[in-house]
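# Observations on the model geometry
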Amino acid sequence: MAGGIPKDVRGNGAVGVVPILIAAALFAYFASMVPTIAAAEIIRVTIPWIPSLGIELAFLVDGLSLTFALLISGIGTLVLLYSNTYLAGHPQYARFALFLTAFMVSMLGLVLADDLILLFVFWELTTLTSYMLIGFSHESEKSRRNALQALFVTGAGGLAFLAGLILLAAVSRTTSISGLLTMGDELRAHAMYLPILILLLAGTFTKSAQVPFHFWLPNAMAAPTPVSAFLHSATMVKAGVYVMARMHPAMSGTDVWLWTLTIFGAVTAVFASLLALRQTDLKQALAYTTLMALGTLTLFLGQESGYAMTAFATFLIVHSLYKASLFLVVGCIDTATGTRETDRLAGLGRLMPITAVAAALAALSMAGFPPFLGFIGKELKYAGAIAVASEPLFVAGAALLSNALMLAVAGVVAFRPFWRGSVPSGQSPREAPWQMWAGPIILASLGALFGIYPDLLQVALINPTVISLTGEVGEAKELQLWAGFNIPLILSIATFVLGLVIYAGHVRLRALLERVFSAIPNLDRGWDRFLDGLKSVAKWQTLLVQNGKLSSYLFITFLTIAAGILLTLVYTGLPMIDVDLSDVEWKHTSIALLTIAGALLALVTNSRIAGIAALGVVGIGIALIFIVFSAPDVAITQLLVETLVVVLVAVVMLRLPSLPKAEFRLGHAILSVAVGASISLILIAVVSSPLDLRLSDYFEATSWPEAYGRNIVNVILVDFRALDTFGEIAVVVIAALSAYALLRTTRKGGRS
Amino acid sequence: MNSIILRAGTRYLAGLLLVFSFYMMLRGHNEPGGGFIGGLTGATGFVLYAIACGTQDARAALRILPQTIAIWGLGIALAAGLFAAVFGDALFTGQWLFIGETETDKGLPLSSVLVFDIGVYLVVFGSILTLVFAMEEEI
């Protein structure tokens, strides 16, 4: 976006405005629900969807989902407003707006869904729309690669997640989430609890980018900045966190839950903060701080106490507000100067005052200074950490370290570029248009507003959310700026000191981190090799099975048939060959001999025409069998088809090279015998078990009285099973047209 | 294939096969036959014609593109199935009308089932000719 925004292009017309209005309307709608939810009530809407499977379009609005819905639609509105200017005049803006709006709606569906299957549908929709958005700059190979990486990682997690949901639904015999939440004790005691938990966490950890699945998130920054602000900080990556929070009442409280979430969360938080400090690209730095936030949220979800839950709810809101704001600020800086490298940014404060104020407000909240909401969030984090059941020292230490690092990163991102040095030559930054600073200012100011008046947030969202998380009323702790001189305050002061020290030495520290991290194995580096390996394996096995020779395709197909049948027969026990041959007449014997002779001829001949004719003999033999056993319809069809096939194949065969000279095809002979034997065996097996004649009897009894036809075969085809026949003739037409197109294409293509 | 005997014979044989194919289709409800068999028989007639006189002549004799016939057949079959909706019955329920019905005789039966069978006939007929013509022209 170098070069700034042209003055004459101010938006994208209706395509730009309508999505903003949709998002704003959704926000207003959800905001109108706040009083109801604040009164600790719950809104449910249910529409039947697949009643036979007990799956409903069920939606639930409680504290947790409303908090998410407000964040999604509110930040969505501001991001769409921002994008309309940021990408003004972009030739594919309509596509962008569609993807972004579709994503927003999917995300809303995800947090409001009250049915496991519905939840999964929306979960996958967010994955897909996110893929489209990360790969929006599809001309860039890097962008495509990173989009695909995000899709693969979250998609693979999604499969595990689906398996977990299905197990969960099977165990609890309901797909309703609110039904599930009341069965917590039963679930935790169930033998399948551990598999369910592992599968669900595999889904949520990949989606929420916990170490070691974190590598896709920083790469996803290939997306346009508003997308990063929306998806990869405030909403999509929190989908995993949301699901863990949603399942909290039903699944938390076990040692596995506690330790898994605590360890993964803590490791992610500290690891990501260190990585964040290493970055010189503003957006990358923010991406890693997002990982830190996700780790922290996961860490708190591992716990049970009211403090931890209040800390979760508060930090969720704090983080969304400041992070979206900072991302949008980075977009403004990028637009104004054409770079996001910290080393090349300085002295922007005087030229971009409003952006600078927004950045400062957001960064102060991020660093946890009073009187911002971030400070309260941090105090609660410490209070929550001390109250944890597992290992207070470990959790508090992780929180302290990551917070201090956060403070340093806030300085790097939002202080240095604005207030240090002077603008490098060659850059002529100017203030962003109002559409672009409105979002950051509003979001950052909310951080300050809620910090000064925490009661607003407490009643409206925090208390109801904590009720959703614990399932009990009155667990929420009070949000306050001054909680007295206590351990959290001491830890806060320690954070400031440590954070400022790190900030002062961050340039030297960065070099050190660079060396350390390049020594640590990283899944991202192995990613391309993994994909290449996968592709070469695919190529190898494709060439093995599909080498372009029709005869080998047929060989493989029939080999599979024979192997499948024979193995099944061996596994289930071979049928007793106890066939009574006393009523076999000479005509049966001669038909059999004719057929066998045809088959043998096809096997030994070296002339294609003779081969076709031999196959025709086999076909006629089969038609004769039908006639002998009084199935005239089938016999006529068989004869006609056989005739036409011979004609068709003969037409084709004329063009093929002649077969190699006199060579007995042993492999083909063995395969033919194997297929023939397996089909005969299975027929004997079928015939030797008593036939279920209910259907035949029914057709025989009703064909004339109900369908006015005496030819039962035809009556079945055109009346009883007319829908099936219709499907079949549709296939016939499609096959004919496809073959026609194929023949025509090769002719025009000049290949003979 | 350049054979006067085959060409002269085909003129009559193809026509006969076509007539016979209609007969097979119409009797299908009570005797061996039906739309599928009828379509195959009719197609055989034109395949024979194409072999004897060339695909160009066969196409000219057919007048309509075979793929068009197949698509129309599919449409007719679908229409016959949808027709049941007029009487509030489930999709593809056979509808019957007996003209001149008396106590002992059912009269002349007309049915949506027959229309469906005609659709099947046209699909099979058109699809096979689409394939055969294209293949022969490919040579």
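Calculation notes
- In every chain, residue numbers begin from 1 and rise along the written sequence.
- Each chain takes a letter, starting from A, and each ligand takes a number, starting from 1, following the order in which they are written.
- This being a predicted model, a pLDDT of at least 70 is required before a residue's local features are given, and a value of 80 or more before pairs of side-chain atoms are given or counted; all residues contribute to the totals for chains, interfaces and linings.
- We count a stretch as a helix when DSSP gives it H or I for four or more residues in a row; a strand needs E for two or more, and each element gets its number in order from the N terminus.
- Counting other C-beta atoms within 10 Å of its own, a residue is labelled buried from 20 upward, exposed at 12 or fewer, and partly exposed in the gap between, with every C-beta atom placed from the backbone.
- Each residue gets a C-beta atom placed from its backbone, and two residues are in contact if those atoms lie within 7 Å.
- Every radius of gyration here is taken over C-alpha atoms, with the globule rule written as 2.2 Å times N^0.38, N being the number of residues.
- An axis is simply a line fitted to the C-alpha atoms; with a helix, the fit covers only the stretch in contact. Between two such axes, the angle follows the N-to-C directions and lies from 0 to 180 degrees.
- These descriptions rest on fixed angle ranges, namely under 35 degrees for roughly parallel, over 145 for roughly antiparallel, 65 to 115 for roughly perpendicular, and the rest for oblique.
- Ten residue types, Ala, Val, Leu, Ile, Met, Phe, Trp, Tyr, Cys and Pro, are classed as nonpolar, four, Asp, Glu, Lys and Arg, as charged, and the remainder, Gly among them, as polar.
- All the domain ranges listed were derived from an automatic or database domain assignment.
- Paired strands, in this sense, are two strands between which DSSP finds at least two bridges.
- Definition of nonpolar core: a set of buried Ala, Val, Leu, Ile, Met, Phe, Trp, Tyr and Cys residues joined via C-beta atoms within 7 Å.
- A residue's pLDDT is simply how confident the predictor is in it, with values from 0 to 100.
- Between the first and last residue of a helix there are one fewer steps than residues, each counted as 1.5 Å, and that sum is the expected span.
- One axis is fitted to the seven residues ending at the residue and one to the seven starting there. The bend at that residue is the angle between these axes.

### Quick look at the overall build of chain B
In terms of helices and strands, chain B carries five helices and two strands. Helices and strands in chain B line up, N terminus first, as α-α-α-α-β-β-α. The dimensions of chain B, computed from C-alpha atoms along their principal axes, are 60 × 30 × 20 Å. Per-residue burial over chain B gives 45% buried out of 139 residues. Sequence separation of at least 24 residues holds for 65% of the intrachain contacts in chain B that already meet a minimum separation of 6.

### Description of the overall build of chain A
Per the secondary structure count, chain A includes 31 helices and two strands. For 752 residues, the compact-globule formula gives about 27 Å, and the C-alpha radius of gyration of chain A, at 35 Å, lies well above that figure. The principal-axis extents of the C-alpha atoms in chain A amount to approximately 110 × 60 × 50 Å. Here chain A holds 752 residues, and the buried ones make up 44% of them. Partitioning the contacts of chain A with sequence separation of at least 6, the portion at a separation of at least 24 is 79%.

### Some thoughts on the interface of chain B and chain A
The interface of chain B with chain A comprises 42 residues on the first partner and 39 residues on the second. Counting only elements with at least two residues in the side of chain B that touches chain A, the list comes to helix 2 (35-53), helix 4 (66-82) and helix 5 (112-138) of chain B. Of the residues forming the side of chain B that touches chain A, the biggest block, 15 residues, is contributed by helix 5 of chain B.

### Re the packing of helix 1 (residues 4-27) of chain B against helix 2 of chain B
Residues and elements named next belong to chain B. With their axes 8 Å apart at the nearest point, helix 1 and helix 2 run at an angle of 170 degrees to one another. Between helix 1 and helix 2, the angle falls in the class roughly antiparallel. Contacts between helix 1 and helix 2 pair Leu6, Arg7, Thr10, Leu13, Ala14, Leu17, Leu18, Phe20, Ser21, Phe22, Met24 and Met25 from the former with Gly35, Ile37, Gly38, Thr41, Gly42, Thr44, Gly45, Phe46, Leu48, Tyr49, Ala52 and Cys53 from the latter. Within the contact of helix 1 with helix 2, the residues separate by chemical class into 15 nonpolar, eight polar and one charged.

### Quick look at unusual backbone geometry
Residues and elements named next belong to chain A. At the junction of valine 211 and proline 212, the peptide bond is cis and its omega measures out at 5 degrees in the coordinates. With respect to the element layout, proline 212 can be found in the loop between helix 9 (193-207) and helix 10 (216-219). The linkage connecting proline 370 with the following residue, proline 371, adopts the cis geometry, with an omega of 5 degrees. With respect to the helices, strands and loops of the structure, proline 371 is situated in the loop between helix 16 (353-367) and helix 17 (373-386). The phi dihedral of alanine 40 falls on the positive side, at around 60 degrees, and the residue is not glycine.

### Quick look at the environment of A:Pro392
Residue and element names in this part refer to chain A. Summarising the element assignment, proline 392 is placed in helix 18 (residues 392-419). The class of proline 392 is partly exposed, set by 13 C-beta atoms lying within 10 Å. Counting along the chain gives 111 residues from proline 392 to tyrosine 503, while the straight-line C-alpha distance between them is 27 Å. Those residues within four positions of proline 392 in sequence are excluded, and the remaining contacts are Ala385 and Ile386.

### Comments concerning the domain arrangement of chain A
What the domain assignment lists for chain A is domain 1 (14-250), domain 2 (252-504) and domain 3 (583-656). For domain 2 of chain A and domain 3 of chain A, the distance between their C-alpha centroids amounts to 79 Å.

### Focus on the pairing of strand 1 (residues 43-50) of chain A
Residues and elements named next belong to chain A. Little of strand 1 is tucked away: zero of the eight residues are buried. Relative to strand 2 (residues 55-61), strand 1 runs antiparallel, the two sharing seven bridges. Bridging from a neighbouring strand, proline 48 pairs with glutamate 56 of strand 2. Counting the residues in the hairpin turn of strand 1 and strand 2 gives four residues, including glycine 54, whose phi is positive at 70 degrees.

### What about the environment of A:Ile442?
Residues and elements named next belong to chain A. Position of isoleucine 442 relative to the elements: it lies in helix 19 (residues 434-452). Under the C-beta neighbour-count criterion, isoleucine 442 is labelled partly exposed, with 17 such atoms within 10 Å. Sequence separation of isoleucine 442 and alanine 285 is 157 residues, and the distance between their C-alpha atoms is 22 Å.

### A look at the nonpolar core
In this structure, A:Phe312, A:Leu326 and A:Ala362 are the most contacted members of the largest nonpolar core, which totals 192 residues. In terms of residues, this core owes the most to one element, helix 15 (residues 306-337) of chain A, which gives 21 residues. In this structure A:Ala362 touches A:Tyr322, A:Ser325, A:Leu326, A:Val329, A:Ala414, A:Pro440, A:Ala444 and A:Gly447, once residues within four positions along its chain are discounted. Core analysis: the second largest hydrophobic core is formed by 56 residues, A:Leu717, B:Ala43, B:Phe116 and B:Leu122 among them.

### Quick word on the confidence of the model for chain B
Predicted coordinates in areas of low pLDDT are best not read in detail. All names here are of chain B. Here chain B shows a mean pLDDT of 88. Residues at 70 or above account for 99%. Model confidence for chain B, summarised as mean pLDDT per element, is weakest for strand 1 (residues 96-99) at 81 and strongest for helix 4 at 94. Scored as a complex, the prediction yields pTM 0.72 and ipTM 0.92.

### Examining the environment of A:Leu479
Residues and elements named next belong to chain A. Along the chain, leucine 479 falls in the loop between helix 20 (454-470) and helix 21 (487-504). Given 24 C-beta atoms within a 10 Å radius, leucine 479 is considered buried. Taking C-alpha positions, leucine 479 is 48 Å from glycine 426, a pair spaced 53 residues apart along the chain. With residues up to four places along the chain from it excluded, the contact list for leucine 479 reads Thr314, Ile376, Pro454, Leu457, Gln458 and Ile462.

### Quick notes on helix 1 of chain B
Because an α-helix completes one turn every 3.6 residues, residues spaced three or four positions apart along the sequence face the same direction. Residue and element names in this part refer to chain B. End to end, helix 1 covers 35 Å across 24 residues, agreeing with the expected 34 Å (1.5 Å per residue, within 8%). Residue threonine 10 marks the point of greatest curvature in helix 1, where the axis turns by about 35 degrees. All buried positions along helix 1 are accounted for by Thr10, Ala14, Leu17, Ser21, Met24 and Met25. Looking at the buried positions of helix 1, the neighbouring elements they touch are helix 2 and helix 5.

### Here's the deal with the confidence of the model for chain A
Residue and element names in this part refer to chain A. Averaged over every residue, the pLDDT of chain A is 85; residues scoring 70 or more account for 96%. Of all helices and strands in chain A, the one with the weakest mean pLDDT is helix 22 (residues 506-519) (81), whereas helix 4 (residues 93-112) scores best (93). Taken as a whole, residues 1-8 scores under 50 in pLDDT and shows 10 contacts with residues more than four places along the chain or in a different chain.

### Let's talk about the packing of helix 12 (residues 238-251) of chain A against helix 14 (residues 282-301) of chain A
Any two packed helices are characterised by the angle at which their axes cross and by the distance between the axes. Residue and element names in this part refer to chain A. Two elements in contact, helix 12 and helix 14, have axes whose closest approach is 10 Å; the angle formed by their N-to-C orientations is 10 degrees. Here helix 14 runs roughly parallel to helix 12, going by the angle between their axes. Residues Val241, Met244, Ala245 and His248 of helix 12 form the contact with helix 14, whose own contacting residues are Leu294, Leu297, Thr298 and Leu301. Split into classes, the residues belonging to the contact of helix 12 with helix 14 amount to six nonpolar, two polar and no charged.

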